[in-house]
Amino acid sequence: MRFRHPDGSTVHLAYCTNVHPAETLDGVLAQLRDHCEPVRRRLGRDRLGIGLWLARDAAHALVTDPSALRGLRTELEHRGLEVVTLNGFPYEGFGAEEVKYRVYQPDWADPERLAHTTDLARVLAQLLPDDVTEGSISTLPLAWRTAYDQERATAAHTALTTLAERLDALHELTGRSLRIGLEPEPGCTVETTRDALAPLTAIGHDRIGICVDTCHLATSFEDPHTALDALAQARVPIVKSQLSAALHAEHPHLSEVRAALAAFDEPRFLHQTRTLTAAGLRGTDDLGEALAGDALPDASPWRAHFHVPLHAAPAAPLTSTLPVLRAALARLVGGPHPLTHHLEVETYTWQALPPELRPRARAQLVDGIAAELTLARDLLTDLGLKELP
């Protein structure tokens, strides 16, 4: 979906396909047929943007076989789909029964991460629509915090600098300008937008910026205006923003609230949980840890890294951080000029929701994704953007 900003520039809205598990190119093609095109049709649009997730094997197949890459582009066009952004965070196995900490491997200190992201950039340069010259790729925020020392930090810095040089060369070769965005996430070396300032300014290359995920922003209790103003002041480019909402519990000391939260404690994904105290931010690596005894203070609200559907907040006594998303979006694209032109709805946890909230059939998932995109579209038009055909 495309929107015209009042300044005349185009803002792209997509939904991320990491909600549909696929490790191979055949799996990606099936996603387009079974999910993405039906969402487009449900919305009544001739064109729909998707934030494509390509696992290692799928990306490698595309970059080593030009005919396969041409075939994917043809399939996208045939189904009325377009790609201006990729989700390069998960490397493989994102649809496994247990993902948890595995999603942070390989990190930016490992050569495999540079090789994979280079593959993604080469693929995206060929998938961009003919009238689009700028693409974006989101990636993990350097590494999970526990095994990250100075030696690995140096290796990660070198890898990102090398990537920037490769993107420069790719631009010169293809005329397509691609940028990478580190995506701050609780528990990682770069947990907040503030944490991103030092490494990104040290790299100092405009092709390496930040991806602002509004669920992660909210989970860390960051104020959207303060965070985005700091990025602008430091001249850190906002490569893209993922529109998402976290789980919010206003009164976590109450037994009924804890019981409601327990329904979201599931075995597949990590749900980092945070609370803001007088002494600062406190947290656990997973929701189950927070619920176990007194691992986390409960005198103040809790927020959990659980991407809940944008259009359907959890039932009381829980809610979502949709207000944080609204505030962030107003700052991102509501001003005289957009801070980013790439927006991506990313609710990958539909099948991890409590059983009674999960879509029971493919058509229900299509309905849910379409409803999220409709909400995002309405937020954009309320900010003065005009939806394009």
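To be clear, the structure that these remarks concern was listed above.
Values in this document were obtained by computation on a predicted structure and should not be read as measured data.

Caption draft 1: Local environment of the overall build of the protein. Along its length, the protein carries 12 helices and 15 strands. Against the 2.2 N^0.38 benchmark of 21 Å for 389 residues, the protein shows a C-alpha radius of gyration of 20 Å, consistent with a compact globule. Over its C-alpha atoms, taken along the principal directions, the protein stretches across nearly 60 × 50 × 45 Å. When each of the 389 residues of the protein is scored for burial, the buried share is 58%. Within the protein, contacts between residues separated by at least 24 positions form 79% of all contacts whose residues are at least 6 apart in sequence. Taken as a whole, the protein presents about 15,200 Å² of accessible surface, with 51% of it coming from carbon and sulfur. Each charge sign in the protein was given a centre, from 37 positive and 52 negative side chains, and these centres are 5 Å apart.

Caption draft 2: Looking closely at the pattern of salt bridges. Following the criterion strictly, the structure yields 24 salt bridges and no others. In this structure, Asp131 and Arg2 form a salt bridge, with 2.8 Å as the shortest nitrogen-oxygen distance. Separated by 129 residues along the polypeptide, Asp131 in the loop between helix H4 (111-127) and strand E5 (134-139) and Arg2 in strand E1 (residues 2-4) bring together distant segments of the chain. Classification of Asp131 by relative accessible area gives exposed; the value is 55%. Taking relative accessible area as the criterion, Arg2 reaches 8% and is therefore assigned buried.

Caption draft 3: Here's a closer look at helix H2 (residues 56-64). Taken together, the buried positions of H2 are Ala58, Ala59 and Leu62. An end-on view of H2 places all buried positions within 95° of arc, on one side of the element. Structurally, H2 contributes buried residues whose contacts are with helix H1 (25-43), helix H3 (66-78) and H4.

Caption draft 4: Highlighting the pairing of strand E10 (residues 273-277). As paired elements, E10 and strand E11 (residues 280-284) share 5 bridges and run antiparallel to each other. When the bridges of E11 are listed, Thr277 appears paired with Gly280. The loop that links E10 with its antiparallel partner E11 comprises 2 residues. Summarising the sheet, E10 and strand E12 (residues 302-308) pair through 3 bridges and their orientation is antiparallel. Its bridge partner lying in E12, Thr275 is registered against Trp302.

Caption draft 5: Examining the state of the cysteines more closely. Applying the stated criterion across every chain, the model contains 0 disulfides. Free of any disulfide, Cys188 has its nearest neighbouring cysteine sulfur in Cys211, separated by 13 Å. Relative accessible area serves as the criterion here: at 4%, Cys188 is assigned to the buried category. The thiol sulfur of Cys215 is not disulfide-bonded, and the nearest other cysteine sulfur, from Cys211, lies at 12 Å.

The rules behind these values
- Residues numbered from 1 in each chain as written.
- Predicted model: local features only at pLDDT ≥ 70, side-chain atom pairs only at ≥ 80, totals over all residues.
- Heavy atoms only, no water.
- Helix = DSSP H or I, 4+ residues; strand = E, 2+ residues; numbered from the N terminus.
- Rg over C-alpha atoms; globule rule 2.2 N^0.38 Å.
- Buried < 20%, exposed > 50% of the residue type's maximum accessible area, 1.4 Å probe, protein only.
- Contact = heavy atoms within 4.5 Å.
- Areas by Shrake-Rupley, 256 points an atom, 1.4 Å probe, with all protein chains shown as cover.
- Lys, Arg positive; Asp, Glu negative; His and termini not counted.
- Charge placed at Lys NZ, Arg CZ, Asp CG, Glu CD.
- Salt bridge = Lys/Arg side-chain N within 4 Å of Asp/Glu carboxyl O.
- Arc of directions from axis to C-beta.
- Pairing = 2+ DSSP bridges.
- Disulfide = S-S within 2.5 Å.

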